[in-house]
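Chain and residue survey
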Amino acid sequence: WIRSTPAYDAESLYVGGMRDLLVCLDAKTGTERWRMDFVKEFKSTLPAFGFVSSPLIVDDELYVQAGGGLVKLDKRTGKVLWRVLDDGGGMNGSAFASPVMATFKGQSQLVVLQRERMAGLDPAKGELLWTQPVPAFRGMNILTPVIYKSAIFTSTYGGKTLLYTVDQQGGRFTTSTTWSLPGQGYMSTPVVIDGHAYLHLRSQRVACINLDSGERTWHSERGFGKYWSMVARGKLILALEETGNLFLLKANSEKMEILSSKQISEQETWAHLAVYGNEIFVRELNAITAYRLVGARGTGPP
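Every chain is numbered on its own, with residues counted from 1 as its sequence reads. With pLDDT at 70 or above as the cut-off, local features in this predicted model cover only qualifying residues; side-chain atom pairs require 80 or more to be listed or tallied, and sums for whole chains, interfaces and linings still use all residues. Derived side-chain values reflect all non-hydrogen atoms in the structure, with water molecules and hydrogen atoms excluded from consideration.

Some points on the sheet that holds strand β6 (residues 61-66)
Strand pairing follows a simple DSSP-based rule, namely that at least 2 bridges must link the two strands. Put simply, DSSP H or I for four residues or longer makes a helix, DSSP E for two residues or longer makes a strand, and each gets a number counted from the N terminus. A sheet is described by the order of its strands in space; here four strands give the open sequence β5-β6-β7-β8, paired in antiparallel fashion. Each edge of the open sheet is held by one strand with a lone partner, namely β5 (56-58) and β8 (80-84). Going across the sheet, the axis of each strand differs from the next one's by a mean of 20°, ignoring polarity. To get an axis, fit a line to the C-alpha atoms, keeping to the stretch in contact for a helix; angles then go from 0 to 180 degrees between the N-to-C directions.

Below is the structure:
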């Protein structure tokens, strides 16, 4: 039940293990270059859900939520450069969401969604620039934050769907709630196309939300699985259900438009869908399977 999606930089593969481990492998040979045991390094709590956050690579550094906080590592050696946002290992260990880079008011920032709050950090020094409480049931903030213009979109388990605006006043960064909706996300990070977020909800339904107005433009009549991993290319969205059903959707802000669907696995498919060119890679419960999209220039239905 590995939960973290590995990161790749054309030289190395960075893989998170269930017991709060991060291992760096040579991408060509599979040889281990280094490993970091966060529980051993920081005397932190062993996460009840394991290592969930996916590593973020920026130049020669790597950022990840592990060891009960946010850690910056030298990607070539595994050396810890700094650790911040220490939550004392509360809520059964490290947070779930993956960090992302953003630029607000001309300043590059690392945006991190922890179990009970979101924060903006100076990526060089780890200094806290701003913080925003994000309520969720038992700290279930799982979605990776989505940057939209000068705002951040998220949706919480047991909470709401929210857009926060990041501003600057008197040289200090501030945040405010731009709008909120009652819908609850769960584990599926949405995709954003033409200012609209396509979001799989805790209710197992799918919604389209106008990020500028906060209006929900449509809501699917039927439910789907408990989890969708989504990948967007142009106006098309591939969505893989944990039941092994793959959907091809057209991004349409007025109605849900499913172009095609196909059962591609009889096993559970909780891992995130991977797409390279016109090929799709699916990690089933007991295997990894590759598929090829068939159609005009590899963009047609599966």
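Continuing now.
Section: the packing of aromatic side chains
A pair of aromatic rings is counted whenever rings of Phe, Tyr or Trp (Trp by its six-membered ring) have centres within 6.5 Å, and the orientation is called stacked for planes under 30 degrees apart, edge-to-face for over 60 and tilted otherwise. Counting across every chain of the model gives 13 aromatic pairs. Between Tyr 14 and Trp 34, the aromatic rings sit 6.2 Å apart at their centres with planes inclined by 45°, giving tilted as the arrangement. In this pair, Tyr 14 is assigned in strand β2 (residues 12-17) and Trp 34 in strand β4 (residues 32-37), connecting sequence segments 20 residues apart. The pair Tyr 14 / Trp 34 is uniform in exposure class, with both members buried. Here the aromatic rings of Tyr 63 and Trp 82 are separated by 6.0 Å at their centres, their planes lie at 50°, and the arrangement is tilted. Highlighted residues: Tyr 63 in strand β6 and Trp 82 in strand β8, separated in sequence by 19 residues. For Tyr 63, a relative accessible area of 3% puts it in the buried group. The cut-offs for exposure are 20% and 50% of the maximum accessible area for each residue type, with area from a 1.4 Å probe on protein chains only; residues under the lower value are buried, those over the upper are exposed, and the others partly exposed.

Things to note about the layout of surface pockets
The calculated volume of the largest pocket comes to roughly 1800 Å³. Buriedness of a pocket was judged along seven lines, with at least five required to meet protein on both sides within 12 Å; pockets are open sets of points on a 1 Å grid over the protein atoms alone, cavities are sets where a 1.4 Å probe fits but cannot get out, and lining residues have an atom within 4 Å of a point. Forming the walls of the largest pocket are 44 residues, and the residues nearest its centre are Arg 3, Thr 5, Tyr 227, Ala 271 and His 272. For the lining of the largest pocket, the secondary structure elements donating two or more residues are β21 (228-233), β25 (274-276) and β26 (279-283). Sorting elements by how many residues they give to the lining of the largest pocket places β21 first, with four residues. Polarity classes work like this: nonpolar for Ala, Val, Leu, Ile, Met, Phe, Trp, Tyr, Cys and Pro, charged for Asp, Glu, Lys and Arg, and polar for all others, with Gly in that last group. For the lining of the largest pocket, the per-class residue count stands at 31 nonpolar, nine polar and four charged. Grid points are joined across faces, edges and corners, and a volume is the space filled by probe spheres set on the points.

Quick look at the pairing of strand β23 (residues 245-250)
Judged by how many residues are buried, β23 sits mostly within the fold: five of six residues are covered. Taken together, the five bridges between strand β22 (residues 236-241) and β23 define a ladder with antiparallel strand orientation. By the bridge assignment, Leu 238 is partnered in β23 with Leu 248. Between the antiparallel neighbours β22 and β23 lie three residues, among them Gly 244 with a positive phi of about 95°.

Looking at the environment of Leu 21
By secondary structure assignment, the location of Leu 21 is in strand β3 (residues 21-26). Sequence separation between Leu 21 and Lys 40 is 19 residues, and the spatial gap between their C-alpha atoms is 9.5 Å. Any pair of residues with heavy atoms lying within 4.5 Å of one another is described as a contacting pair. Apart from residues no more than four positions distant in its own chain, Leu 21 is found in contact with Val 15, Gly 16, Arg 35, Met 36, Asp 37, Phe 38 and Phe 51.

Details of the pattern of salt bridges
Note on definitions: salt bridges are taken to be side-chain nitrogens of Lys or Arg within 4 Å of carboxyl oxygens of Asp or Glu. This structure, assessed with the given rule, holds ten salt bridges. One salt bridge connects Glu 32 with Arg 35, and the closest N-O pair in it is separated by 3.0 Å. Overall, Glu 32 belongs to the partly exposed group, its relative accessible area being 40%. Between Lys 105 and Asp 167 there is a salt bridge, and its shortest N-O distance comes to 3.6 Å. Of this pair, Lys 105 sits in the loop between β9 (100-104) and β10 (107-113) while Asp 167 is found in strand β15 (residues 161-169), placing the two residues 62 residues apart along the sequence. Classification of Lys 105 by relative accessible area gives exposed; the value is 53%. Linked by salt bridges that have partners in common, Glu 11, Asp 60 and Arg 76 make up one network.

Looking at unusual backbone geometry
One non-glycine residue with positive phi stands out, namely Arg 138, at about 50°. Backbone geometry at Gln 204 places phi at a positive 75°, although glycine is not the residue there. Inspection of the secondary structure puts Gln 204 in the loop between β18 (196-200) and β19 (206-210).

Thoughts on the environment of Gln 109
Mapped onto the elements, Gln 109 comes out in strand β10. A relative accessible area of 0% places Gln 109 in the buried class. Separated by 85 residues in the primary sequence, Gln 109 and Asp 194 have C-alpha atoms spaced 24 Å apart.

Thoughts on the pairing of β10
Burial runs high along β10: five of the seven residues are buried. Pairing of β9 with β10, which is carried by five bridges, proceeds in the antiparallel orientation. The residue of β10 that forms the bridge with Val 100 is Val 111. Hairpin connection between β9 and β10: a loop of two residues separates the two successive antiparallel strands, and Lys 105 in this loop has a positive phi of roughly 55°. Note that β10 and strand β11 (residues 117-121) share four bridges and pair antiparallel. Bridging across to β11, Leu 113 finds its partner in Met 118. What sits between β10 and β11 in their antiparallel hairpin is a turn of three residues.

These figures capture arrangement, not role.
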